[in-house]
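Here is what each chain is made of, one letter per residue.
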Amino acid sequence: RKDGHTHGIVGGSLDLTAFWRFARDYDSTRDFALTILDTQDRVIYSSENGIYPAMSSADHTGLFAAAKKATTNVFRYKRPHGSAYLAVHTATARGWKVLVERPQLAARLQTERYYALTLLVISCAFVVSVAVARLTSRTIVGPLEHLVTATRGFAETGTPAAMSSRAADTPIEVAELMDDFSVMQQRLTAFTRELDQKVRQRTAELAQATARAEESS
């Protein structure tokens, strides 16, 4: 007050342990650096306290200077020792600024690992596809091709085609289809033979009747 007497003291503190827990709990952010500035561009928190001490001004740091010059939120800059960094900055509704930076080499290595992992997954998928295709060809396509060949041969010659022994891993549906075809061949062959025998018998009876008729006349 103007009279110089103190009537009370107001104090406050900012709990920054949440930022420490964030950096500790997320391993993927290990090579990231987080810096928070207040409305007067003073460092309130930084995961690299040795470079950006708390309550120090960020006006003369390369990070803040590059953020001011950047035309987008994402930018690139170099530290005094020459290492290149990728950074992103944003401002809160209260005017505080949050800056996150990461070594450019680490980002490049992560991208290369991502592409290498993607290539590995694609290669594994290709190998599995080839194996499945070969297995399908051996267990399904092969028996079906044999069945088609036997059907065509039986339709052209009328001679039953022997069904080769099938593999133990032949699907049940294909095995049943091959068995049904074998049974159908046997039935058709038996029916044809019986029909041929009856035709011959009727022909012989007709010939005998014709001969008797000629003798009577």
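Coordinates for the structure precede this section.
Throughout, residues of each chain are indexed from 1 in the direction in which the sequence is written. Where local features are concerned, this predicted model is filtered to residues with pLDDT of at least 70; where side-chain atom pairs are given and counted, the filter is 80 or more; whole-chain, interface and lining totals use all residues. The basis for the side-chain values is all heavy atoms of the structure; hydrogens and waters are excluded.

### Section: the overall build of the protein chain
Thought 1: Scanning the protein chain from N- to C-terminus turns up four helices and five strands.
Thought 2: Here the protein chain holds 217 residues, and 20% of them are scored as buried.
Thought 3: Only heavy atoms enter the contact rule, under which two residues are in contact if any of them lie within 4.5 Å. Sequence-distant contacts, at least 24 apart, represent 42% of the contacts inside the protein chain between residues at least 6 apart.
Thought 4: Per-residue and other accessible areas were derived by the Shrake-Rupley procedure at a 1.4 Å probe size, with only the shown protein chains allowed to occlude residues. Accessible area of the protein chain: about 16500 Å², with a carbon and sulfur share of 59%. Secondary structure is summarised from DSSP: a helix means a run of H or I of at least four residues, a strand means a run of E of at least two, and numbering begins at the N terminus for each. Relative accessibility under 20% of the residue-type maximum defines a buried residue, over 50% an exposed one, and the middle range a partly exposed one, all with a 1.4 Å probe and only protein chains included.

### Considering helix α4 (residues 172–216)
Thought 1: Expected helix span is computed as 1.5 Å times (number of residues minus one). In this model α4 runs 66 Å from its N-terminal to its C-terminal C-alpha over 45 residues, within 8% of the 66 Å that 1.5 Å per residue would give.
Thought 2: Taken together, the buried positions of α4 are Val174, Ala175, Met178, Phe181, Ser182, Gln185 and Thr189.

### Section: helix α2 (residues 62–69)
Thought 1: Of the positions making up α2, those classed as buried are Leu63, Phe64, Ala66 and Ala67. Take α2 and look down its axis: the buried residues cluster within an arc of 165 degrees, on one side only. Opposite its buried face, α2 presents the exposed residues Lys68 and Lys69, each directed more than 90 degrees away.
Thought 2: Looking at the buried side of α2, the elements it contacts are β1 (33–37), β3 (74–78), β4 (84–91) and β5 (97–103). As used here, the arc is the angular range of directions from the helix axis to the C-beta atoms.

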